[in-house]
Number of protein chains: 2
Amino acid sequence: MRPIKVVIPFKLDCAKSRLSSVLSSEEREKLALAMLEDVIDAVSGLGKVAVLMKDPIPDEAPFDRLKSRGFDLLECPQELDPALNSMIEAEVSKGWPSDLLIAMADLPLMSPSDVEGLVKTPGDVVIVPGRGGGTNLILIRDPRFRVRYYGLSFIKHVRIAEDLGLSTGVYESFRCGSDVDEPPDLVEVLIHSRGRTAELLKDLGFALSGKREKTRAGWVRDR
Amino acid sequence: MRPIKVVIPFKLDCAKSRLSSVLSSEEREKLALAMLEDVIDAVSGLGKVAVLMKDPIPDEAPFDRLKSRGFDLLECPQELDPALNSMIEAEVSKGWPSDLLIAMADLPLMSPSDVEGLVKTPGDVVIVPGRGGGTNLILIRDPRFRVRYYGLSFIKHVRIAEDLGLSTGVYESFRCGSDVDEPPDLVEVLIHSRGRTAELLKDLGFALSGKREKTRAGWVRDR
């Protein structure tokens with residue numbers, strides 16, 4: 001199997017804004033960091049991991065911890081697509097020494113075994129669908145491919161591969177497909193995860209609620 | 001492998017009420033039926049299929065078609081849990097001739113290969129989580145188990161099995177986990193399915209929208 005380099009785009013400023021009705025800005029930053037670390041734990045067995053940040057890398061404990069664990073923290077002031085495509089092009093200019101796996105930073109249910117299934121899936125490009133037409137992970141094995149996130153990126157990525165004559169694999173997974181963006185998504189973490197993100201939510205006072213039929217969120221918060 | 005009997009609870013009256021902002025009552029009935037037939041196509045290779053209805057079985061073409069394909073249509077005027085537990089008890093009284101698979105009727109992404117993974121999963125009870133803590137399918141291999149739907153039924157079913165000293169398998173699947181309840185769920189069907197439900201949505205004027213970042217639903221309707 002060819003070596004894999006993992007890239008995780010990460011945003012701390014205004015992180016997870018669609019959760020602002022239930023979490024303060026500081027809490028959302030903590031949540032984003034906990035999810036990032038859970039994602040890193042799931043993928044770090046595959047190869048070198050780089051975290052790609054648009055904003056200056058904060059001089060804070062979680063980032064020092066990541067650096068000390070040997071993960072690259074890269075600052076790139078571009079928007080998501082140009083930032084990722086620049087990284088792809090940098091690999092191309094080096095002669096494509098390793099395949100690239102781009103993983104979103106909000107997949108706290110994901111475990112190493114889920115990612116194993118992904119890397120075993122054949123295809124010049126392997127796409128992992130998220131909820132609502134997104135692309136939660138994408139494994140790029142052909143240097144001609146470029147990404148195009150936002151909107152129905154799953155469809156876009158399938159078409160980009162098609163237009164280049166590349167073979168596309170689709171790896172479907174409950175855990176890789178569960179991105180956390182909105183309040184009802186928190187229940188998935190409380191039910192199906194034992195990682196840092198689940199611990200943090202419990203520390204913040206979140207617990208499962210028996211009354212989903214009424215609140216539909218599936219969780220309550222005691223403060 | 002032991003024989004399996006499949007039970008699909010199905011409701012036509014007030015079907016899919018959480019879609020009433022985007023589909024008329026008649027359209028929702030059509031959608032519910034299309035999803036039921038997609039689910040039947042996914043599970044019918046496993047064994048005998050029974051559709052369990054609370055309301056009188058309508059004298060309409062889709063139901064005649066199901067009967068002519070050899071599926072049982074059972075009328076049971078009880079609520080969901082007592083209706084299903086009565087079916088379990090009926091199997092117990094016959095000496096448990098086959099295991100029972102209870103499948104929800106709103107899983108149009110599911111294919112026979114997804115269900116194959118489920119029946120290969122060990123456990124006295126195998127639970128397939130849905131979104132938000134639900135139970136989308138449950139395979140019951142031990143006659144002592146009883147169901148308890150609504151709310152966070154995934155957790156309830158895990159606990160019921162635990163209390164009985166039964167082993168629990170969890171089968172996680174993107175396609176089995178995608179139940180269709182609310183408007184944003186329709187985009188999953190349009191993207192990931194080629195079945196009857198996807199055809200119906202197209203006939204009703206639904207199409208993918210490139211503008212998910214704005215509407216967040218991922219689809220548009222031309223009428």
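Use the structure listed above.
In this text, all values refer to a predicted model and were calculated from it rather than measured experimentally. Counting restarts for each chain, with residues numbered from 1 along the sequence as it is written. As a convention, the first chain written is A and the first ligand written is 1, with the rest following in written order. In keeping with the model being predicted, local features are shown solely for residues with a pLDDT of at least 70 and side-chain atom pairs are shown and tallied solely at 80 or more, while totals for entire chains, interfaces and linings include all residues. Heavy atoms from the whole structure form the basis of all side-chain values; hydrogens and water molecules are not counted.

(A) Local environment of the environment of Lys30(B). Strands are runs of DSSP state E lasting at least 2 residues, helices are runs of H or I lasting at least 4, and numbering of each runs from the N terminus. Inspection of the secondary structure assignment puts Lys30(B) in helix 1 (residues 25-43). Residue classification places Lys30(B) among the partly exposed positions, given a relative accessible area of 42%. Three labels apply to residues, based on accessible area from a 1.4 Å probe with only protein chains included: buried if under 20% of the type maximum, exposed if over 50%, partly exposed otherwise in between.

(B) The arrangement of the relation of the copies chain A and chain B in detail. If you rotate chain A by 180° and push it 0.0 Å along the axis, it lands on chain B with an RMSD of 0.0 Å. On the angle and the small slide along the axis, the relation comes out as a two-fold axis. In terms of C-alpha distance to the rotation axis, chain A has Phe174(A) as its closest residue, with the C-alpha 2.1 Å off the axis. Whether two residues touch is decided by their heavy atoms; if any such pair falls within 4.5 Å, the residues are in contact. Mapped onto chain B, 100% of the interface residues of chain A again fall at the interface, so both copies present the same surface. Superposing copies: least-squares fit, C-alpha atoms only, residues required to have pLDDT of at least 70 in both.

(C) The nonpolar core, seen in detail. Here, nonpolar core means buried Ala, Val, Leu, Ile, Met, Phe, Trp, Tyr and Cys residues that are tied together by side-chain atoms lying within 4.5 Å of each other. Membership of the largest hydrophobic core comes to 80 residues, with the highest contact counts inside it found for Ile8(B) and Phe10(B). Ranked by the residues each element gives to this core, the list is headed by helix 1 of chain B, at 7 residues. Here Ile8(B) is in contact with Leu36(B), Val39(B), Ile40(B), Val43(B), Val49(B), Ala50(B), Val51(B), Leu52(B), Ala103(B), Met104(B) and Ala105(B), once residues within four sequence places are set aside. Core analysis: the second largest hydrophobic core is formed by 79 residues, Val49(A), Ala103(A), Leu31(B) and Leu200(B) among them.

(D) The arrangement of the interface of chain A and chain B in detail. Counting residues at the interface gives 27 residues for chain A and 27 residues for chain B. What makes a salt bridge here is a side-chain nitrogen of Lys or Arg within 4 Å of a carboxyl oxygen of Asp or Glu, nothing more. Our enumeration of links across chain A and chain B arrives at 2 salt bridges. Of the charged contacts in the structure, one is a salt bridge between Arg175(B) and Glu172(A), with a shortest N-O distance of 2.8 Å. Where the side of chain A that touches chain B is concerned, the elements lending two or more residues are helix 5 (153-163), helix 6 (186-192) and helix 8 (212-215) of chain A. Each residue receives one of three labels: charged for Asp, Glu, Lys and Arg, nonpolar for Ala, Val, Leu, Ile, Met, Phe, Trp, Tyr, Cys and Pro, and polar for the others, Gly being one of them. By residue class, the composition of the side of chain A that touches chain B is 8 nonpolar, 10 polar and 9 charged.

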